Amino acid sequence: MSAEQSLPHHRLPPDALAELIRGEGGPAALDLLLRAERSRRLLLLRMLDDTTDLGPAWDLLSAAQQHHPTAVNDLLMYPQTGMWLATTLRRLRGKEPQDDPPLWVVLGHFAALAAAAALRAKLDFAIQVPVRHGRVPLPTLGCAMLPVSEPWATATVRSRSGQTVVAVPGCEVAVPTDPGTAGPGWHPLHHVSVGPAERRLETVLDDVDPYRTYPRPTEPRPLSEETAAHWRRTLERAWAVLLRELPETAAAMRSGLLSLTPTAARERFRPRSVSAGDAFGGIEASEPDDAAQLAATLVHEFQHTKLGGLLHLAPLLTPAPEGTGELWYAPWRDDPRPLEGLLQGIYAFAGIARFWNAHRVAPSAHSPLAHFEFALWRAQTATAIEQVHRHPRCTPLGRALLVALRDQCAQWLAEPVPKEPLALARLCADDHAARWRAHHRRPPAAAVRAAVHAWQRGASGPPASLAAEPEVVPDPSARWLDSLAVLVRYRLSATADDRRPDAAATEVTGALSGDALLAAGEATAARRAYTAHLKAEPEAAGAWAGLGRALAAENTEPTAAHLLSRHPERARAVHQALLRVTDSPPDPVRLAAWLGSPPA
């Protein structure tokens, strides 16, 4: 294989670019991104070849390229190959952790790639490859399992006249003639084909490639046949949802969804999924609750895939000035995010809103929940865009993208949603924002001290200085800010037991008793629960924010409700400061009402 291959200069024509900045993009746009990604991979391979001696593996890959160029191209474009290339180059430059696996194992993965290419090209060869905790993964094919006790060792992959073995002293594993079938000591990669012939999705469930998890590699963990079969069935149903409701997106996925890495199920309504710009076409996802959730996850991560491909062609932001560390509210995260991360989230959740808008009117949809998801994510995406759509770091392309998505959100916000899911979506959006502020916003220390003095001397209101914009100070304890939204999903789901606040609260990590009551519409009981919680744990940020929502829902103490809904960080900070100077802290509602009064 030549590292000197001529690479084209890639440009996106106006129609494809217009599709992508709207958050869309059909098969033609995906094909352009894939071509550009291929060139990028070749450049990374060239950089690696210039940096280190790839030895016999390079020669073997070159021979495979001559005999079976399609096989080599498939390996080159496999998401995990891109992840390995980028990870290895960062490791060589000291920008990745230098611990396990050893560098020779990382570099030796190239030999495994070359062996897989040669095996697919039906060449005779022999090459040494790494053994990782008793397993030898051959990318895109499968994994040999050997009785090796050392965490890191080497094995020989040898092929003669179509017979291939993976060998260590005292043991050989035969690779089946068809590597897609299982054999003694051989675990094949799960190839999956779902949907009708003319609109079929063909991808793989990757459970063995070390670079299938993002951003850090993990060792092979073969799925049981039962688990793999369950994933196939769920993917089949999810694909049917996408074909019916987002056919253009599904058509693009047929080219761009190249691998799916299954991970264990998480809490209900809290799936985890990951993709990476270096692994174009790869998605890591936890086992979903149902087909609709998996369909939404595929859309979410495919949005990241498209944006990652676009970012490899043109920047959306200019570099941040030296020494600046702006952080922003991302309504789908517990932590503050840099501008780059917020932009990724905006693009992804615009896709989520589009999915739920289509799914909520489908005959098979659970409509109250689908309406809620649409109403929530259109609002949260719009909130994120409003913060930054005029940010000076946006390039012309970045501004165009944010303007297009802002216009789309405006159209969505005008669409009718039934009363109950709409009200619950607004409740959850406001609650998440308030919890985030309670955790991550810090009023000026001098203003907090002045407020304490004003309270102690009986002033009619707080000092005006307390209204100054608080700085963002990341709070590492911020967790589970979505608890109210998860509880609302329980409320809107079909089973009767899920509608009981006490039953739902026990299932949701991080949920307070007040959260469960608020989600159930029991505002007065929620207020009492939050007040009791603050008496026991005065620093509980979620209880301060939840108290504001409960007061607003109860329609009592409007001044305190407004302050705690908009600026819970003020009440939390002043209350903590008062605790340091007095043994009798004030009632939270009374303090919030005072803080919401006109400045003294």
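Heads up: these notes are all about the structure in this document. Every value quoted in this text rests on a predicted model; they were computed, and no experiment measured them. The numbering scheme is per chain: residues are counted from 1 as the chain's sequence reads. Reporting in this predicted model follows two pLDDT cut-offs: at least 70 for local features of residues, and 80 or more for side-chain atom pairs to be given and counted; totals over whole chains, interfaces and linings ignore these cut-offs and use all residues. Hydrogens and waters are ignored; side-chain quantities use all the structure's heavy atoms.

Brief notes about the overall build of the protein chain
Along the backbone of the protein chain there are 22 helices and 14 strands. For the protein chain, the C-alpha radius of gyration of 27 Å lies close to 25 Å, the compact-globule estimate for 600 residues. Its C-alpha atoms give the protein chain principal-axis dimensions of about 90 × 55 × 55 Å. The buried label goes to any residue with under 20% of its type's maximum accessible area, the exposed label to any with over 50%, and the partly exposed label to all in between, with areas taken from a 1.4 Å probe on protein chains only. For the protein chain, the residues scored as buried account for 56% of the 600 residues in total. Note on contacts: a residue pair is in contact if any heavy atoms of the two residues lie within 4.5 Å. Taking the contacts inside the protein chain whose residues are at least 6 apart along the sequence as the reference set, 69% of them involve residues at least 24 apart. Note that accessible areas follow from Shrake-Rupley with a 1.4 Å probe, and for residues the cover is restricted to the protein chains shown. Looking at the protein chain as shown, the accessible area adds up to about 25,200 Å², and 53% of this sits on carbon and sulfur atoms. In this description a helix means any DSSP run of H or I spanning at least four residues, a strand means any run of E spanning at least two, and both kinds are numbered starting from the N terminus. Our radius of gyration is a C-alpha quantity, and the globule rule it is checked against amounts to 2.2 Å times the number of residues to the power 0.38.

Some points on unusual backbone geometry
Of the consecutive residues Y214 and P215, the connecting peptide bond is found in the cis state with omega at 5°. Mapped onto the fold, P215 is located in the loop between strand 9 (201-205) and helix 7 (225-245). Here the phi dihedral of S161 falls at roughly 50°; this positive angle occurs in a residue that is not glycine. Mapped onto the secondary structure, S161 falls in the loop between strand 4 (152-160) and strand 5 (163-168). On the accessibility criterion, S161 (67% relative accessible area) is exposed.

Observations regarding helix 21 (residues 568-579)
Between its terminal C-alpha atoms helix 21 stretches 17 Å, which fits the 16 Å expected from 12 residues at 1.5 Å a residue. Burial of helix 21 is extensive: 11 of the 12 residues sit out of reach of the surface. Within helix 21, the full set of buried residues consists of P568, E569, R570, A571, R572, A573, V574, H575, Q576, A577 and L578. Check the buried side of helix 21 and you find it contacts helix 13 (419-440), strand 13 (441-442), helix 14 (445-456), helix 19 (541-554), helix 20 (558-566) and helix 22 (588-595). Here, expected helix span is obtained from the residue count minus one, scaled by 1.5 Å.

Quick notes on the pattern of salt bridges
What makes a salt bridge here is a side-chain nitrogen of Lys or Arg within 4 Å of a carboxyl oxygen of Asp or Glu, nothing more. If you walk through the whole model with that rule in mind, you get 28 salt bridges. Of the charged contacts, one joins D31 and R35 as a salt bridge, the two residues approaching to 2.7 Å between their closest N and O atoms. Here D31 pairs with R35, and both are found in helix 2 (residues 27-51), just four residues apart, close to one helical turn. Residue class for D31 comes out partly exposed when judged on its relative accessible area of 33%. In this structure R35 comes out as partly exposed when scored by relative accessible area, which is 48%. Where salt bridges share partners, they join E37, R40, R41, R90 and D278 into one cluster.

Section: the packing of helix 5 (residues 79-92) against helix 6 (residues 103-120)
Angles here are taken between N-to-C directions and fall from 0 to 180 degrees, while the axes themselves are lines fitted to C-alpha atoms, restricted in helices to the stretch in contact. Contact geometry of helix 5 with helix 6 gives a least axis separation of 10 Å together with a crossing angle of 150°. For the element pair helix 5 and helix 6, the recorded crossing hand is left-handed. On helix 6, the residues that touch T81, W84, T88, R91 and L92 of helix 5 are L103, V106, L107, H109, F110 and L113. Here the residues of the contact of helix 5 with helix 6 sort into seven nonpolar, three polar and one charged. Should the near helix be turned counterclockwise from the far one by less than a right angle, the crossing is left-handed, whereas a clockwise turn marks it as right-handed. Each residue receives one of three labels: charged for Asp, Glu, Lys and Arg, nonpolar for Ala, Val, Leu, Ile, Met, Phe, Trp, Tyr, Cys and Pro, and polar for the others, Gly being one of them.

Remarks on the pairing of strand 1 (residues 125-132)
Successive residues of a regular strand alternate their side chains across the two faces of the sheet. Among the eight residues that make up strand 1, six are buried, leaving the element largely enclosed by the rest of the structure. Across eight bridges, the pairing between strand 1 and strand 4 is antiparallel. Across the sheet, the residue bridging to Q128 is T156, located in strand 4. Strand pairing is defined by DSSP finding a minimum of two bridges between the two strands.

Details of the nonpolar core
Membership of the largest hydrophobic core comes to 131 residues, with the highest contact counts inside it found for L242, F372 and L401. It is helix 10 (residues 339-359) that provides the largest number of residues to this core, a total of 13 residues. When neighbours within four sequence positions are excluded, L401 is seen to be in contact with I21, L307, L310, L316, L343 and Y347. Counting residues in each nonpolar core, the second largest holds 50 residues, with L44, L60, L146 and A153 among its members. Buried Ala, Val, Leu, Ile, Met, Phe, Trp, Tyr and Cys residues form a nonpolar core when they are joined through side-chain atoms within 4.5 Å.

Structural notes on the environment of L547
Note that L547 resides in helix 19. Apart from residues lying up to four places away in sequence, L547 is in contact with R527, Y530, T531, L534, L564, P588 and V589.

Focus on the packing of aromatic side chains
Think of it this way: a Phe, Tyr or Trp ring, Trp meaning its six-membered ring, pairs with another when their centres are within 6.5 Å, and the plane angle makes it stacked under 30 degrees, edge-to-face over 60, tilted otherwise. Using the criterion set out here, one finds eight aromatic pairs in the structure. Where W84 meets F110, the ring centres are 5.9 Å apart and the plane angle is 15°; that geometry is what we call stacked. You can see W84 sitting in helix 5 and its partner F110 sitting in helix 6, a full 26 residues away along the chain. By relative accessible area, which is 1% here, W84 ends up buried. Looking at F110, the relative accessible area reads 3%, which means it is buried. Look at W455 and W594: their rings are 5.3 Å apart centre to centre, the planes differ by 80°, and that puts the pair in the edge-to-face class. Residue W455 is located in helix 14, and its partner W594 is located in helix 22; the two are separated by 139 residues in the primary sequence. The two residues W455 and W594 agree in class, both being buried. For a lysine, the NZ atom is tested; for an arginine, the CZ atom; a charge sits over a ring if that atom is within 6 Å of the ring centre and within 35 degrees of the ring normal. R268 extends its terminal NZ or CZ atom over the ring of Y490, reaching a point 5.0 Å from the ring centre.

Some words on helix 8 (residues 247-256)
Listed as buried for helix 8 are T249, A250, A252, M253 and G256. Projected onto a plane normal to the axis of helix 8, the buried residues spread over an arc of 160° and lie on a single side. Tucked inside the fold, the buried residues of helix 8 contact helix 2, strand 9, helix 7 and helix 9 (291-311). Working definition: the arc comes from the directions between the helix axis and the C-beta atoms, pointing outward to the latter.

Notes on the pairing of strand 9
Among the five residues of strand 9, four are classified as buried, and the element is accordingly described as predominantly covered. Here five bridges tie strand 8 (residues 190-194) to strand 9, and the two strands are oriented antiparallel to one another. Residue H191 lies in a different strand from strand 9, and its bridge partner there is V204. Two successive antiparallel strands, strand 8 and strand 9, enclose a turn made up of six residues, where G195 displays a positive phi of approximately 95°.

Quick notes on the environment of A358
Secondary-structure assignment places A358 in helix 10. Here the alpha-carbon distance between A358 and G458, two residues 100 residues apart in the chain, equals 56 Å. When sequence neighbours within four positions are dropped, the list of residues in contact with A358 reads E245 and L246.

Looking at the packing of helix 9 against helix 10
Each pair of packed helices gets described by two things: the angle between the helix axes and the distance between those axes. In contact at an axis separation of 8 Å, helix 9 and helix 10 are set at 140° when each is read in the N-to-C sense. Here helix 10 runs oblique to helix 9, going by the angle between their axes. Our pair here, helix 9 against helix 10, has a crossing hand that is right-handed. Contact residues: A292, A295, A296, V299, H300, Q303, H304, K306, L307 and L311 in helix 9; L343, Q344, G345, Y347, A348, F349, G351, I352, F355, W356 and H359 in helix 10. Each angle gets one of four labels, with under 35 degrees taken as roughly parallel, over 145 as roughly antiparallel, 65 to 115 as roughly perpendicular, and the rest as oblique.

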